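Residues per chain are reported as follows:
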Amino acid sequence: MDNAVTQRDLANAVRFLAVDAIERAGSGHPGMCMGIADAATVLFTRFLKFDPSDPRWPDRDRFVLSAGHGSTLLYALLHLSGYEKLTREEILNLRRLGSRTPGHPEYDPEAAVETTTGLLGQGIANAVGMALAERLLNARFGDAIVDHYTYVLVGDGCLMEGVSYESAALAGHLRLRKLVALWDDNGITVDGGTDLATSEDQLARFEAAGWDVQTVDGHDAEAVAAAIARARQSEQPSFIACRTTIGIGAPTKAGTHKAHGGALGANEIAGAREALGWPYPPFEIPEDIVATWREAGEKGRKAREEWDRRLAALPESEKESFDRGLHGELASGWNGPLDELVANWLAERPTMATVPASASVIAAISEGVPQLVGAAADVASLTGADMPSKVVSPNSFGGRNLRFGVREHSMASAMNGLACHGGLIPFGATYLVFSDYLRPALRMTAMMGLRTIYILTDDSIAVGENGPTHQPVEQLASLRAVPNLHVFRPADAVETAQCWRLALERPDGPSAILLTKSELPPLPGDHDCARGAYVVAEFWEGSADRRAVLMATGSEVQIALEARQRLAAEGIPAAVVSVPCWELFWQQDRDYRDRILGRGAVRVAIEAGCGLGWERFVGEDGGIVCLSSFGASGSAADLYRHFGLTPEAVVKAVKTRL
């Protein structure tokens, strides 16, 4: 560091670049940017391992801004450190359409934004996933290739969200020692002081969860540096409470909730400039301060170049495996065992539930897709989610099975962190009805376009005697409402295998595969899940054309097939269409869709869930045989009869519309 440039100068450059950008934008969250700037500057200039010339360097330290409302702090840090994608113009365009500086950080690895945050608590949960990914890959490739820290900056709101409790508990249990959380302990939320809603001792909480804890003055650079240095030596994840003043320096708003959201105003900013010794006009930073920041950014280049040489020295097969994982590529021939499994099923035509079918798929692809790691929220054995590998445990990361306990939300959030980190393809398993618990994280998965796979079992009222609390009704429709999420509901073992393949081969978004424990006969004819829907059984021979099209997913395809036979006995030709993935079907051209659904025929859809969305398939004159209420406790067979999910109901729906 240049002797003429002080730590306060470096922090003030961050502080006022952020505040001036927010003032120019007319909205934002200046208080946090001002308060935690000292601690963030220490982290970036003294500890964080990164190289702005190679933002995606695999062995860089990860920095996650969990308190995403302070996004301008992140943009200022990255700009001053020398990331070319975060230009001065991008800072000036804060919060404008099309800029790289949106109101909350959005996943942009080329600009060193490691994950999308803003939904409080998601960032710390993502960071746990990133720290876990580092340990998993370190166990495979060693310290020479994978040896970095994950830092996460959290706020009071992050720690109030329930997912932070789930994630902190898991991180402590697994002893993720390369995870360091810095808490911006300013005691302020939107409504006022945190004492309005909590009196919790956060240090005691994290210590109880197995973290090393410290508390420091967040404006004392040397104290912060000493705490981070100690944290890096800990055998536990570390939690550092940085006591700060929100909006520090602002004459009337510092230390109050008025500094939290919204531009400060010219008078407050002028007062802060005077109080903190920053006499420069907006967006003007002295050259020596910029140069010192850029020197700090350049420090990582040597480490990155040395790492490049170590990677190049690896045995070719090991290097190829590492590169393939980082680039999200599947090995040539990965699908050979899967194709063999499908061929056996086609030859033997087993009657089986899709849950064990999925388990067979996982076993078949495990060796050929080493990036795949499997998570489960306490139901691995019940959802078929066990991989043929060890369970990851504290200080033992050589396995591929991740146990999250009854923590669906943190599981999904950690899956996002695993995917954002790179090198791994995570899947996570729970019951479909519990997808409600993980919805915020799943939404972020889809928004970021990450390749993660959700295995959601017990997919209908066929759950039976467990009753309506465990019987999904509205969940399937609500999942289909999530943009960029492919929702698969296979109808037999072969469809299950095809859906798995489609999910694995999709690099730009998540997939949910919904499975049943009900025994299902194999479908007749060929299978074609790749186009989302296809004809399983055409109208009976001798008929000039279809008079009805019966479409269904999952278990209900069998109901449609039986209804087709009954209609044929009455001289009514009908075709059955399996629709394993709506999203893929609507991506097909109009000609294909018309050929599958038919024109002029009565269309009836059958599904053991609410009927929302099927209107698009059946049209205003079609019928939907579905559920219009929650389920009940009873056997699956009794429930299907009770709620009218029967071939008789389908036949009636067709005949009343002919």
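Treat the numbers as computed from the prediction; the structure is a model and nothing was measured.

A. Representation of the environment of glutamine 233 in the model. Among the secondary structure elements, glutamine 233 is positioned in the loop between helix 10 (221–231) and strand 7 (238–243). For the pair formed by glutamine 233 and asparagine 395, sequence separation is 162 residues and the distance between their alpha carbons is 15 Å.

B. Representation of the side chain of aspartate 212 within the structure. Tracing the chain through its elements places aspartate 212 in strand 6 (residues 212–217). Polar side-chain contacts of aspartate 212 include one of 2.9 Å to the side chain of arginine 230. Not counting residues up to four positions away in its chain, the partners in contact with aspartate 212 are Arg230, Ser234, Gln236, Pro237, Ser238 and Phe239.

C. Quick look at the pattern of salt bridges. Under the defined criterion, the tally for this structure stands at 34 salt bridges. Across the salt bridge formed by arginine 230 and aspartate 212, the nearest N and O atoms sit 2.9 Å from each other. Taken as a pair, arginine 230 in helix 10 and aspartate 212 in strand 6 lie far apart in primary sequence, 18 residues in all. What makes arginine 230 partly exposed here is its relative accessible area of 44%. According to the relative accessible area criterion, aspartate 212 is buried, its value standing at 13%.

D. How the structure looks around the sheet that holds strand 12 (residues 486–488). The strand order 9-8-10-11-13-12 describes an open sheet built from six strands, whose pairing is parallel. Whereas interior strands pair on both sides, the edge strands pair on one side only; in this sheet they are strand 9 (401–403) and strand 12. Between one strand and the next, the sheet's axes are offset by a mean angle of 20°, whatever the strand orientation. As judged from the three bridges shared by strand 12 and strand 13 (residues 511–514), these two strands associate in the parallel manner. Directly across from valine 487, in strand 13, lies its bridge partner alanine 512. On the sheet, helix 18 (residues 408–421) packs against strand 8 (372–376), strand 9, strand 10 (425–431) and strand 11 (453–457) and is oriented at approximately 170° with respect to strand 10.

Conventions we followed
- Residues numbered from 1 in each chain as written.
- Predicted model: local features only at pLDDT ≥ 70, side-chain atom pairs only at ≥ 80, totals over all residues.
- Heavy atoms only, no water.
- Helix = DSSP H or I, 4+ residues; strand = E, 2+ residues; numbered from the N terminus.
- Polar contact = N/O pair within 3.5 Å; in protein donor to acceptor, adjacent residues only side chain to side chain.
- Contact = heavy atoms within 4.5 Å.
- Salt bridge = Lys/Arg side-chain N within 4 Å of Asp/Glu carboxyl O.
- Buried < 20%, exposed > 50% of the residue type's maximum accessible area, 1.4 Å probe, protein only.
- Pairing = 2+ DSSP bridges.
- Axes fitted to C-alpha atoms, helices over the stretch in contact; angles between N-to-C directions.

As far as function goes, none of this settles anything; it's purely spatial.
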